Amino acid sequence: MTKLKIRRAHIAGHSMGGLIAMEMAIHFPACVHRLVLVDALGLGKEMKLKGRVASIPALGELLASRMYTPDVKKYGKSVKSDCVNKIYITNELVEALYNLEQNPTQYKTTLKVLRKYMNWMGQKSSTYGPIIDRLSSITSPTLVIWGRQDDSLPLKQGELAVKSLPNAHLETIDNCGHISMFDQPEIFNKLLLEFLRD
């Protein structure tokens, strides 16, 4: 932002991006105008078994090799497994994601970052502890969006965030899993744009 001469911006993050967005709001509050947290990591220990297994050496590599595959159809099934409304996961979307994510170092980088934040028991206390302790310091208007059927990160983590954030509200989306912008794009986009327009 400094290099691009952007003094202040709306910051939005999904899952691990939500954790990074909260860290930015804590450490650089003057840079964050509005904050959007979407099914955000960093708000409690509990998380999906698949994420915990990915933190284990060898098992994580095995899981990653199934997702980061030269087989586009196999990759598409992996993307759809995190969504409730698979109808929105079109071949065009799968192909776009595939082209972004399929490179030799992608899964290694993803596993390295995952293992920084979690282990086989769930999110590390060193990940969520400092965030939870400082949520009350985030004064930017904040929208928390959570899929009601998110089985990766439980809804109660979003509810906890809103209780601690001084200027936040929670929007839960029904019939929606962890990737709410894919699962319910029309509802998600409406919530996001209305919040940023205010």
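Residues numbered from 1 in each chain as written. Predicted model: local features only at pLDDT ≥ 70, side-chain atom pairs only at ≥ 80, totals over all residues. Heavy atoms only, no water.

Peer 1: I keep staring at the pairing of strand S5 (residues 142-147) and nothing clicks. Help me out?
Peer 2: For a regular strand, side-chain orientation follows a simple rule: the groups alternate between the two sheet faces. Counting buried positions along S5 yields six of six residues, so the element is predominantly enclosed. Both faces of S5 are covered, namely the face carrying Thr142, Val144 and Trp146 and the face carrying Leu143, Ile145 and Gly147. Sheet topology note: the S5/strand S6 (residues 168-173) ladder contains six bridges and is parallel. Within the sheet, the bridge partner assigned to tryptophan 146 lies in S6 and is threonine 172. (Buried < 20%, exposed > 50% of the residue type's maximum accessible area, 1.4 Å probe, protein only. Helix = DSSP H or I, 4+ residues; strand = E, 2+ residues; numbered from the N terminus. Pairing = 2+ DSSP bridges.)

Peer 1: Help me understand the nonpolar core in this model?
Peer 2: Nonpolar side chains in soluble globular proteins tend to end up buried together. With 29 residues, the main nonpolar core has Met22, Leu35, Leu37, Leu43, Leu135 and Ile138 as its most contacted residues. Broken down by element, this core gets its largest block of residues, six residues, from helix H1 (residues 16-27). Apart from residues lying up to four places away in sequence, leucine 43 is in contact with Met22, Gln123, Tyr128, Ile131, Ile132, Leu135, Trp146, Gln157, Leu160 and Ala161. If you look at the next biggest cluster of nonpolar residues, it comprises 10 residues, including Val36, Val38, Ile145 and Cys176. (Core = buried A, V, L, I, M, F, W, Y, C linked by side-chain atoms within 4.5 Å. Contact = heavy atoms within 4.5 Å.)

Peer 1: What am I meant to see in the pattern of salt bridges here?
Peer 2: If charged atoms from side chains of opposite charge come close, those side chains can pair. Here the structure, examined in full by the defined rule, presents three salt bridges. Salt-bridge contacts for lysine 190 lead to glutamate 194; the nearest nitrogen and oxygen are separated by 2.9 Å. With a gap of four residues between them, lysine 190 and glutamate 194 both fall in helix H10 (residues 185-197), about one helical turn apart. Here lysine 190 falls in the exposed class, since its relative accessible area comes to 52%. (Salt bridge = Lys/Arg side-chain N within 4 Å of Asp/Glu carboxyl O.)

Peer 1: I keep staring at the sheet that holds S5 and nothing clicks. Help me out?
Peer 2: As summarised here, the arrangement of the four strands in space is S1-S2-S5-S6, forming an open sheet in which the pairing is parallel. Both outer strands of the open sheet, strand S1 (9-14) and S6, are each paired with one neighbouring strand and no more. The average undirected angle you get between the axes of adjacent strands in this sheet is 15°. Along the sheet face, helix H8 (residues 155-164) touches S5 and S6 and points at about 160° away from the line of S6. Across the sheet, H10 touches S1, strand S2 (32-38), S5 and S6, and the angle it forms with S2 is around 160°. (Axes fitted to C-alpha atoms, helices over the stretch in contact; angles between N-to-C directions.)

Peer 1: Help me understand unusual backbone geometry in this model?
Peer 2: Only a minority of non-glycine residues have a phi that is not negative, and only a minority of peptide bonds are not trans. Despite not being glycine, lysine 5 has its phi angle at roughly 60°, a positive value. With respect to the helices, strands and loops of the structure, lysine 5 is situated in the segment before S1. The backbone of serine 15 sits at a positive phi, close to 55°, despite the residue not being glycine. Looking at the element boundaries, serine 15 is found in the loop between S1 and H1.

Peer 1: Explain a nonpolar patch on the surface here, please?
Peer 2: Together, Met1, Leu4 and Ile6 give the surface a local cluster of nonpolar side chains, amounting to about 280 Å² of exposed area. The exposure class assigned to leucine 4 is exposed, which follows from its relative accessible area of 65%. (Patch = residues over 30% accessible without salt bridge, like charges linked within 9 Å, V, L, I, M, F, W, Y side chains within 5 Å. Areas by Shrake-Rupley, 256 points an atom, 1.4 Å probe, with all protein chains shown as cover.)

Peer 1: Sorry, what's going on with the packing of H1 against helix H6 (residues 106-117) here?
Peer 2: A pair of packed helices can be characterised by two numbers: the angle between their axes and the separation between those axes. Two elements in contact, H1 and H6, have axes whose closest approach is 12 Å; the angle formed by their N-to-C orientations is 60°. Classified by the angle their axes make, H1 and H6 are oblique. With respect to the hand of their crossing, H1 and H6 are arranged in left-handed fashion. Contacts between H1 and H6 involve Met16, Leu19 and Glu23 on the former and, on the latter, Val113, Leu114 and Tyr117. When the residues that make up the contact of H1 with H6 are grouped by side-chain class, the tally is five nonpolar, no polar and one charged. (Parallel < 35°, antiparallel > 145°, perpendicular 65-115°, else oblique. Left-handed = near helix turned anticlockwise from the far one by under 90°. Nonpolar A, V, L, I, M, F, W, Y, C, P; charged D, E, K, R; others polar.)

Peer 1: It is not clear to me how the pairing of S1 should be interpreted in this structure. Could you clarify?
Peer 2: Pairing of S1 with S2 involves five bridges; the strand directions are parallel. Its bridge partner lying in S2, alanine 9 is registered against valine 32. Between the parallel elements S1 and S2, the chain passes through H1 in a crossover that is right-handed. (Right-handed = clockwise from strand over helix to strand, strands pointing away.)

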